[in-house]
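Coordinate inspection notes
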Amino acid sequence: MTAEGGSSDGRGRRASFAERRERRAAVDDPTIVLEAAARFLEPRARTVAEVRRRLTGAGYRPDLVAGAIERMLELGMLDDEAFARAWIESRDRARPRGERAIRQELAQKGVDRTTVDLVLGERREAAAGEPTDADGVTVSADEAAAERLVARNARSLARVADPRKRRQRAYALLARNGFDPDVCRAVAARVEDGEGPDRDPAGD
């Protein structure tokens with residue numbers, strides 16, 4: 001049997017999930033639980049809630065789970081604020097989404113509302129300091145993200161010949177990705193008018 005309960009019963013038979021949970025429930029060494037938590041963090045960063053769900057779901061005692069989480073917070077291995085900030089930066093860079101969708105995603109990860117409000121506030125403040133658009137109007141963080149999403153889908157949108165249908169397609173794309181109606185309308189209208197970042201330099 002391994003230190004954290006193992007997956008074999010010593011006769012080569014693979015232990016069932018219930019058996020593994022029972023063995024982990026009998027663990028009384030905090031180091032074993034801390035090591036299990038560290039392994040869970042190896043692929044990517046996690047939230048406190050994700051780690052707690054993983055360890056308690058695996059069968060470890062709640063008090064040992066709490067102790068492991070406290071230690072990881074002390075070591076800086078867990079930081080929900082940093083996680084939320086990195087999540088938003090990743091979304092804005094690689095897969096633009098609206099604030100509503102980002103809020104939902106972070107809530108599902110277990111990030112509390114106060115922390116989400118904080119990091120989204122930083123996002124809005126950063127956008128307020130960015131250059132304005134061609135008409136001298138300040139572009140919000142969500143509108144800038146929406147424009148990037150439309151730009152990423154410029155080729156498929158350009159294949160819709162009818163301007164009205166093209167605008168509708170762009171609006172639906174933005175709505176699916178959590179942008180509010182005002183942002184959807186504003187950015188989709190520029191697609192219809194042939195303005196903004198949706199124009200594909202290699203198209204038309």
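Rules behind the numbers
- Residues numbered from 1 in each chain as written.
- Predicted model: local features only at pLDDT ≥ 70, side-chain atom pairs only at ≥ 80, totals over all residues.
- Heavy atoms only, no water.
- Buried < 20%, exposed > 50% of the residue type's maximum accessible area, 1.4 Å probe, protein only.
- Helix = DSSP H or I, 4+ residues; strand = E, 2+ residues; numbered from the N terminus.
- Arc of directions from axis to C-beta.
- Contact = heavy atoms within 4.5 Å.
- Expected span 1.5 Å × (residues − 1).
- Salt bridge = Lys/Arg side-chain N within 4 Å of Asp/Glu carboxyl O.
- Axes fitted to C-alpha atoms, helices over the stretch in contact; angles between N-to-C directions.
- Parallel < 35°, antiparallel > 145°, perpendicular 65-115°, else oblique.
- Left-handed = near helix turned anticlockwise from the far one by under 90°.
- Nonpolar A, V, L, I, M, F, W, Y, C, P; charged D, E, K, R; others polar.
- Phe/Tyr/Trp six-rings, centres within 6.5 Å; stacked < 30°, edge-to-face > 60°.
- Lys NZ or Arg CZ within 6 Å of the ring centre and 35° of its normal.

**Thoughts on helix α6 (residues 99-108)**
The set of residues buried in α6 consists of Glu-99, Ala-101, Ile-102, Glu-105 and Leu-106. Mapping the buried residues of α6 onto a view down its axis gives an arc of 160 degrees, with all of them on the same face. Its buried side turned inward, α6 meets α5 (80-94), α7 (113-128) and α8 (141-152). Gly-110, located one to two residues past α6, shows a positive phi value of around 95 degrees.

**Digging into α8**
Between its terminal C-alpha atoms α8 stretches 17 Å, which fits the 16 Å expected from twelve residues at 1.5 Å a residue. Considered for burial, the residues of α8 that qualify are Ala-141, Asp-142, Glu-143, Ala-145, Ala-146, Glu-147, Leu-149 and Val-150.

**Re the pattern of salt bridges**
Following the criterion strictly, the structure yields 17 salt bridges and no others. For Arg-190, the salt bridge goes to Glu-143, with nearest N and O atoms at 2.6 Å. Residue Arg-190 is located in helix α11 (residues 181-193), and its partner Glu-143 is located in helix α8; the two are separated by 47 residues in the primary sequence. Assigned by exposure class, Arg-190 and Glu-143 land together as buried. A salt bridge links Glu-147 to Arg-190, with the nearest nitrogen and oxygen atoms 2.5 Å apart. With a gap of 43 residues between them, Glu-147 in helix α8 and Arg-190 in helix α11 connect regions that are remote in the sequence. The pair Glu-147 / Arg-190 is uniform in exposure class, with both members buried.

**Here we look at the packing of α5 against α7**
Packing of α5 against α7 brings their axes to within 9 Å, and their N-to-C directions diverge by 45 degrees. Put simply, α5 runs oblique to α7. The handedness of the crossing between α5 and α7 comes out as right-handed. Listed contacts from α7 to Asp-80, Glu-81, Ala-84, Arg-85, Ile-88 and Asp-92 of α5 are Thr-115, Leu-118, Val-119, Leu-120, Glu-122 and Arg-123. The residue inventory of the contact of α5 with α7, partitioned by class, reads five nonpolar, one polar and six charged.

**A short note on the packing of helix α2 (residues 30-41) against helix α3 (residues 48-58)**
At their nearest, the axes of α2 and α3 sit 10 Å apart, and the two run at 125 degrees to each other. Here α2 lies oblique to α3, going by the angle between them. Relative to α3, the crossing made by α2 is right-handed. In contact with Val-33, Ala-36, Ala-37, Phe-40 and Leu-41 of α2, α3 contributes Glu-50, Val-51, Arg-54 and Leu-55. Its residues placed into classes, the contact of α2 with α3 shows seven nonpolar, no polar and two charged.

**Topic: the packing of aromatic side chains**
One pass over the full model with this rule turns up one aromatic pair. An angle of 20 degrees between the planes, with centres 5.8 Å apart, marks the rings of Phe-83 and Trp-87 as stacked. In this pair, Phe-83 and Trp-87 both sit in helix α5, four residues apart, roughly one turn of the helix. Arg-46 extends its terminal NZ or CZ atom over the ring of Phe-40, reaching a point 4.0 Å from the ring centre.

**Comments concerning the environment of Arg-148**
Along the chain, Arg-148 falls in helix α8. On a C-alpha basis, the gap between Arg-148 and Arg-93 in space is 8.8 Å, while along the polypeptide they are 55 residues apart.

Function cannot be inferred from these measures alone, as they are strictly geometric.
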